[in-house]
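Observations on chain architecture
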Amino acid sequence: MAAWDLTVTVEDLGPDAPPIQISVTSDLHIGGVILKLVEQTNLKKDWSDHALWWEQKQQWLLRTGWTLDKCGVHADARLVFTSQHKALRLGLPNGVTLKMRACFSSPVFRTVIAICRVLNLRHPEELSLLRPVEEKKKKKDKDSSEELYDLTDVPLTAGSVQALYNGMPAHFADSPKTEAVYKMLSVSLPSPAPEAIARLYRPASVVDKTHINTRWLDSSRSLMQQGIQENDKLWLRFKYYTFHDMDPKYDAVRLTQLYEQARWAILLEDIDCTEEEMMLFGALQYHIGKLSLSQDMVSSCQGMDDLESALKSLEVKMVGDSNSTDMLENMTAPELNDYLKIFRPKRLTLKGYKQYWCKFQDTSISYYKSSEDRFGEPIQQLNLKGCEVAPDVSLAGQKFCIRLLIPAPEGMNEIYLRCENEKQYSQWMAACKLASKGLTLLDISYQNEVKNIQTFLSMQRSNCAAPVAQTDDSINTLGLVSPRYHKKYKPKQLTPRILEAYQNVAQLSLTSAILRFLQIWQALPDFGTSYFMVRFKGSRKDEVLGIANNRLIRIDLGIGDVVKTWRYNNMRQWNVNWDIRQMAIEFDGNINIAFSCVNADCKVVHEYIGGYIFMSTRSRQQSDTLDEQLFHKLTGGHDAL
Amino acid sequence: MDDIDAMFSDMLQEMDLLTQSLGEEAESAPLPKPSTIPGPQEMNFSVGFTDFNASLHNLEDNDLDALMADLVADISATEEKFATEKDTSKGSAPVAPIPSQPQSNFSLPASNDTSRHATFSNSIAAPPPPPASKPSKDELEEQVKADKIKLALEKLKEAKVKKLVVKVEITDGSSKTLMVDERQTVRDVIDNLFEKTHCDCNVDWSVCETNPDLQTERGFEDHENIVEPLSTWTRDTENKVIFQEKKDKYEVFRNPQNFYMWKKEKQSLKDMKEKDKEQLLEENFCGASVIVPDLEGVLYLKEDGKKSWKQRYFLLRASGLYYSPKGKTKASRDLVCLVQFDNVNVYYCKEYRIKYKAPTDHCFILKHPQIQKESQYIKFLCCDDEWIMTLWVTGIRIAKYGKQLYDNHKAAVRKAAGSATWANRTIQASSSPSTPSPTPKAKAANGHAPQPAVETKGSSNQTSFPPPPPSMETLPPPPPDPMLPPPPPAPPSTTKVNKFPPPPQFPQSSFPPPPMDDLPPPPPPPPEDSELPPDFLPPPPPFFSSCGGEALPPPPPDPMASLPPPPPAPQNFASSGGAPPPPPPPPPPPAPAPAANKPAGSIRKVAPPPPKRTTPQLAAPSGGNLMSELMTAMQKKRTQ
């Protein structure tokens, strides 16, 4: 057989080195080519990760047993001998960029699995990679500071079982640097500065929301094949909004990253919510941020965590016990006694606050004319059980009021208590809040509650003191809500609203606060819908197709209304006509729809639908193994289902 | 240590006094309030009656009886505890409230009570020093001390429990009076009512409250605590508790498509496959968060005490009820929140066209449960038709209760299925009343439950029914029995035995009395508890009727224990006071009964069919009966 010269560029020889020519015959297999190549370079190194990349055809020659002939390689082919794993800058859901090695030769689906294994993210099938949205403004100097986190040295392990070491997967425990990476992954970040939010791209309409979905990479092709170069930036995001088998015990990173993605979706108005919901989201973010911060301090010795928490709970138990014995022994319940100003708004009266001697006992407030009268009959006794408690506070005006709405058979009684100072306010407020839930001052959460209120007040103080120049470390309420509310409210107005919502969540632990956040997010009507601009067959205008985990939604752009929904479980079959790039779906009852995609690749839409169907086939039992073939079968679009 | 000891005895003494006074009260007043037991802090009396006497007049005799039964059970439970603590025969003194009602369908404490007491007494029964030959005093004292502490703690818990007497109206015009305590959920109450009425026990039965002032009605959710909403009623309230079928209670789980796909034509949804319905439910109720139906549409709103009704475009979200203000889009950011659901309940309204000039009569309101009269804090809403109203009210319930509703429904279905099985069985059994107790079956059943300690199990065995169907496992054993149709051929439940003690010889000789099988292996030296010191034995009847079977100390070693109550038993009972009052007119067992038994070759002391009883409530968790039977036997022995 005739020998001919094959031109191969070896990347490791440097960018300027000339390509190597090797003499081959058509029946030489790829492995032989590589062997010859390595011999000719005279370079001693581990070549095991290297493979041949055929540039013109944009494909890898990975089957070492195939002959050049079988691969279709002829003398005109320009091959590149390069490593399969390359560094990638990964934009994480929390906004941090992490540099790490990823496989550029396997299908993206498998690459994501490998990335997630390193990051300790379970259920990688729910995530995927997409090309990032360009930043709005040109950045001058920020690039260098961004690349704080680097995991390129960490090898991609094959084993799926992760041994824990110091409370984190072993490969993170190597050095302080990698430990820091793990902390970044598993602990939610402090809320961003409002300017940072404002700088980022925000979709203004459904049409805008379709853009992000045009960027998803094809899961069945490799990164190289899709034009991704070494050191390129890609985003890693949760793509399918069905979160299987979420378990806080194993899913520290997954929960945190999901929370971050949800938080950014809300801050960037990617998903719409009402004002009430936004305040609750804000309160939860504040709470989570605060708890994460305090967790940081302890986490220096993660191994001690368990012991510590065990000790803590023991302590709580002891305290609780001693409390109850105290109670048994002297039978006196603690109470608050003080002069407070009381105001009962009534129609057509302009009476102001009047000072009384108030006593807080059990779950009620009794008030008397003065402290001398306190042994007599109170003027009135208010039982706060089941009442609504709202703060009415202005630090600037030194106003510390508690607004009580006490239910009564005739309606609600509105009463204001005015306290003198912060300390008094936080004590009485905490007592009122507990009482509204039927708890007394004896409850162990009381001291905690007092402290919570004080910290919130101090937060407001920092807002008032320096409304213009905000330091980075002080938490800013504006960073908790989307820019729309920056415009609508001043921080002074916003803080009490968030404070109000905060009362309902202040008792939550870090994990339950995150779970609550995710729950509310998932309960939003638009949750989990990914939008695509499509044109239905026979229609002359563009419409939006929403893809959710159980249905397709047709949205009329003119009115912005849902026109029709089709559920997957009525779906008979779907296929793609790759020539005219049109998707056709048949539903039960002879309903046929067909559409072509306007701005996204047809494959993306197809993969989205197939992906959701794949997700629904997962069951609890087989949670460990992933049927990759089924995924490709459902999303590949080659055979009709 | 001494201090604590002293403290405890002080406390116990105090409680003792309390109960004693209660006992007196019980004797003087026909109907001592159970709520007095708990002690001074929790004096919560019956709801809905302005004047207590008046309310008593309202009650029918059988109400009184039933109530009395509950009450006696309660008192005696307390009593029992004292008995143990005091270790004296004191117990016999204080309480002997014999309801002198002529017609007594004395039923043992309702199942809930039973279980509760059971747990309690079991805990005491645990360390049983054989009483017969008193062991070393020290050990005993040690034990007693420990028991005392346990008891005192139990008692403290018990004392804090708030109890109410509630009259429940039933749609057929009758009514039942129940005692409910704050640990009971609505589900418990419904189960209780299933026992006491002959309804078909389907999932739609609900306990509702009505408010005549506001003309509202709300079905309590099964998981709710029954006492809570009731305690928000005012003293002079005319509110009522009604037991009725409400189709909309769980309609969303029968036809989820009508709620979750409400925009589609109902006709097209009519024949949705069961499988699809299930999937729909799973999607919406089993995810990380419950999905609320995406209801939206025009409703009329009357708010803030205004008189007029305004049309607004409403949207339901998990976080609350919103409307879009005039001239704005219905985008989330523009929505105005009318109300969030944390502090309000949703109520159906009646005849608001007249009362409030509403556009239609299909109105519902949202209000804080404590608000009982018209107020500006109530949100009034009015819908075009009944279906829309159901849609919104159900949607709001889903938003408010979330997955709890789904769980409630599942529990209800299980219950209903269980009752259905039992109902069938009862019918079966009653169809052949002459041969009621097939021995083999009984044996089989006994075989099933080898652990004698579990009284409840024993109780189900005791009935002459075939061994419980598999579905029974999910059911708490007692409820089904009461399902008996009114004049059932009576599984030889001991209540009846008490009333018509069968001829003594007959059971004794013919077979090993089945109950014995359930008992701890014939205890040679019966592990008698400290709480049952022999001298205490002639116990105040309430004692045994209440603590009844549940924890009963195993019988005395005496083989005679297996004896059925001796013939004179009835008198025995009567004299012993608190026991089920002597069966009024019904004379000792009609002859045919035993005769019927014999041929059947059944071992059981089959009580003759009770004289026709109009009330179905032969509640009697039979564990209690068994025990009381034993008690009689013991008593008898003692007197001999």
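Residues numbered from 1 in each chain as written. Chains lettered and ligands numbered in written order. Predicted model: local features only at pLDDT ≥ 70, side-chain atom pairs only at ≥ 80, totals over all residues. Heavy atoms only, no water.

- Labelled according to an unreviewed UniProt entry, chain B appears under the name Amyloid beta A4 precursor protein-binding family B member 1-interacting protein, originating from Carassius auratus.
- The annotation that UniProt attaches to chain B under Sequence similarities (unreviewed entry) is "Belongs to the MRL family." (UniProt positions renumbered as here; feature names shortened; annotations may be inferred.)

- Chain A is annotated in an unreviewed UniProt entry as Fermitin family homolog 3-like of Carassius auratus.
- Regarding chain A, the relevant UniProt record gives this comment under Sequence similarities (unreviewed entry): "Belongs to the kindlin family."

1. Re the overall build of chain A
- What chain A contains, in helices and strands, is 17 helices and 26 strands.
- Relative to its full complement of 641 residues, chain A shows a buried share of 48%.
- Considering only contacts in chain A between residues 6 or more positions apart, those separated by 24 or more positions represent 61%.
- Just so you have it, chain A exposes about 30800 Å², and 51% of that area is on carbon and sulfur atoms. (Helix = DSSP H or I, 4+ residues; strand = E, 2+ residues; numbered from the N terminus. Buried < 20%, exposed > 50% of the residue type's maximum accessible area, 1.4 Å probe, protein only. Contact = heavy atoms within 4.5 Å. Areas by Shrake-Rupley, 256 points an atom, 1.4 Å probe, with all protein chains shown as cover.)

2. Some details on the interface of chain A and chain B
- Of the residues lining the interface, 30 residues belong to chain A; the matching set on chain B comes to 34 residues.
- Summed over both partners, the interface of chain A with chain B buries about 2800 Å², with 50% contributed by carbon and sulfur atoms.
- In this assembly, chain A and chain B are joined by 3 salt bridges.
- Between Arg317(B) and Glu277(A) there is a salt bridge; the shortest N-O distance is 2.8 Å. (Buried area = accessible area lost by both parts, 1.4 Å probe. Salt bridge = Lys/Arg side-chain N within 4 Å of Asp/Glu carboxyl O.)

3. What to know about the packing of helix α5 (residues 176–186) of chain A against helix α8 (residues 252–267) of chain A
Residue and element names in this part refer to chain A.
- At a closest axis distance of 7 Å, the pairing of α5 and α8 adopts a crossing angle of 55 degrees. Taken together, α5 and α8 sit at an angle that is classed as oblique. From α5, Tyr182, Met184, Leu185 and Ser186 reach across to α8, where they touch Ala252, Val253, Thr256 and Gln257.
- Residues belonging to the contact of α5 with α8 are distributed by class as follows: 5 nonpolar, 3 polar and no charged. (Axes fitted to C-alpha atoms, helices over the stretch in contact; angles between N-to-C directions. Parallel < 35°, antiparallel > 145°, perpendicular 65-115°, else oblique. Nonpolar A, V, L, I, M, F, W, Y, C, P; charged D, E, K, R; others polar.)

4. Side note on empty space enclosed by the protein
All names here are of chain B.
- All told, the structure shown has 17 cavities of 30 Å³ or more when counted by the stated rule.
- Lining the largest cavity are 14 residues, and of these Arg218, Gly219, Glu221, Asp248 and Arg397 lie nearest its centre.
- Every element with two or more residues in the lining of the largest cavity is listed here: β4 (216–219), β10 (345–349) and α13 (386–401).
- For the lining of the largest cavity, the residue count by class is 6 nonpolar, 2 polar and 6 charged. (1 Å grid on protein atoms, 1.4 Å probe; cavity = no way out; pocket = protein on both sides within 12 Å on 5 of 7 lines; lining within 4 Å. Points joined across faces, edges and corners; volume = space filled by probe spheres on them.)

5. A closer look at the environment of Arg418(A)
All names here are of chain A.
- Mapped onto the secondary structure, Arg418 falls in strand β19 (residues 411–419).
- Put simply, Arg418 and Lys399 are 19 residues apart on the chain and 7.5 Å apart in space, counted from C-alpha to C-alpha.
- Setting aside residues up to four positions removed in sequence, Arg418 forms contacts with Leu340, Lys341, Tyr353, Gln398, Lys399, Phe400 and Cys401.

6. Looking at a negative patch on the surface
All names here are of chain B.
- A cluster of like negative charges, contributed by Asp138, Glu139, Glu141 and Glu142, occupies part of the molecular surface.
- You can see Glu139 is positioned in helix α5 (residues 137–160).
- Residue class for Glu139 comes out exposed when judged on its relative accessible area of 53%. (Patch = residues over 30% accessible without salt bridge, like charges linked within 9 Å, V, L, I, M, F, W, Y side chains within 5 Å. Lys, Arg positive; Asp, Glu negative; His and termini not counted. Charge placed at Lys NZ, Arg CZ, Asp CG, Glu CD.)

7. So, the nonpolar core
All names here are of chain A.
- By size, the foremost hydrophobic cluster in this structure holds 113 residues, and its most contacted members are Leu119, Leu129, Leu236, Trp521, Ile547, Ile585 and Ile609.
- At 9 residues, helix α16 (residues 602–616) tops the list of elements feeding residues into this core.
- Apart from the residues lying within four places of it in its own chain, the contact partners of Ile547 are Gly528, Thr529, Ser530, Phe532, Leu552, Tyr568, Val605, Tyr608, Ile609 and Tyr612. (Core = buried A, V, L, I, M, F, W, Y, C linked by side-chain atoms within 4.5 Å.)

8. Some thoughts on the packing of α8(A) against helix α15 (residues 510–523) of chain A
All names here are of chain A.
- Packing of α8 against α15 brings their axes to within 10 Å, and their N-to-C directions diverge by 45 degrees. Comparing their axes, α15 and α8 come out oblique. For the pair α8 and α15, the sense of crossing is left-handed. Here α8 contributes Leu255, Leu258, Tyr259, Ala262, Arg263 and Ile266 to the contact with α15, which in turn contributes Thr511, Ile514, Leu515, Phe517, Leu518 and Trp521.
- For the contact of α8 with α15, the class distribution of residues is 10 nonpolar, 1 polar and 1 charged. (Left-handed = near helix turned anticlockwise from the far one by under 90°.)

9. Some details on the sheet that holds strand β8 (residues 127–130) of chain A
All names here are of chain A.
- Reading across the sheet, the 5 strands line up as β8-β12-β6-β7-β9 and stay open at both edges, with mixed pairing between neighbours. Edge strands, defined here as strands with exactly one partner in the open sheet, are β8 and β9 (149–150).
- Note that β8 and strand β12 (residues 233–238) share 4 bridges and pair antiparallel. The residue bridging Ser128 from the neighbouring strand is Arg237, located in β12. (Pairing = 2+ DSSP bridges.)

10. A few points about the sheet that holds strand β21 (residues 543–547) of chain A
Residues and elements named next belong to chain A.
- Read across the sheet, 7 strands follow the order β23-β22-β21-β20-β26-β25-β24 without closing on themselves; strand pairing throughout is antiparallel. Whereas interior strands pair on both sides, the edge strands pair on one side only; in this sheet they are β23 (561–567) and β24 (571–577). Averaged over neighbouring strand pairs, the angle between their axes works out to 35 degrees when direction is ignored.
- Against the sheet, helix α7 (residues 206–213) contacts β20 (530–536) and β21, and its axis sits at roughly 100 degrees relative to β20.
- On the sheet, α16 packs against β20, β21, β22 (551–556), β24, β25 (582–587) and β26 (591–597) and is oriented at approximately 155 degrees with respect to β24.

11. Side note on helix α1 (residues 30–41) of chain A
Residues and elements named next belong to chain A.
- A rise of 1.5 Å per residue sets the reference length of α1, with its 12 residues, at 16 Å; its end C-alpha atoms lie 17 Å apart and thus fit the reference within 8%.
- Regarding α1, the residues found buried are Ile30, Gly32, Val33, Ile34, Leu37 and Thr41.
- Elements that come into contact with the buried residues of α1 comprise β1 (3–10), β2 (20–25), β3 (50–54), β4 (59–61), α2 (68–71) and β5 (78–83).
- Looking one or two residues past α1, Asn42 carries a phi angle of roughly 60 degrees, positive in sign. (Expected span 1.5 Å × (residues − 1).)

12. So, the pattern of salt bridges
Residue and element names in this part refer to chain A.
- The full count for this structure, using the stated rule, is 50 salt bridges over all chains.
- One salt bridge connects Asp542 with Arg535, and the closest N-O pair in it is separated by 2.9 Å.
- Where Asp588 meets Arg572, a salt bridge forms, and the shortest distance between an N and an O atom there is 3.1 Å. On the criterion of sequence distance, the pair formed by Asp588 in the loop between β25 and β26 and Arg572 in strand β24 is long-range, its members being 16 residues apart.
- Note on Asp588: relative accessible area 28%, which makes it partly exposed.
- Three or more residues are tied together by salt bridges with common partners; here these are Arg122, Glu125, Glu126, Asp245, Asp251, Arg254 and Arg618.

13. Things to note about the pairing of strand β3 (residues 205–211) of chain B
Residues and elements named next belong to chain B.
- Among the 7 residues that make up β3, 7 are buried, leaving the element largely enclosed by the rest of the structure.
- Going residue by residue along β3, you find Trp205, Val207, Glu209 and Asn211 tucked away on one face and Ser206, Cys208 and Thr210 tucked away on the opposite face as well.
- The loop that links β3 with its antiparallel partner β4 comprises 4 residues; one of these, Gln215, has a positive phi angle of about 55 degrees.

14. What to know about the packing of aromatic side chains
Residues and elements named next belong to chain A.
- According to the stated counting rule, one finds 43 aromatic pairs over all chains in the structure shown.
- Between Phe343 and Tyr416, the ring centres sit 5.9 Å apart and the planes meet at 35 degrees, which makes this aromatic pair tilted. Of this pair, Phe343 sits in strand β13 (residues 335–343) while Tyr416 sits in strand β19, and the two are 73 residues apart along the sequence.
- Using a relative accessible area of 14% as the deciding quantity, one classes Tyr416 as buried.
- Among the aromatic side chains, those forming a connected cluster through ring pairs are Trp216, Tyr240, Phe532, Tyr608 and Tyr612. (Phe/Tyr/Trp six-rings, centres within 6.5 Å; stacked < 30°, edge-to-face > 60°.)

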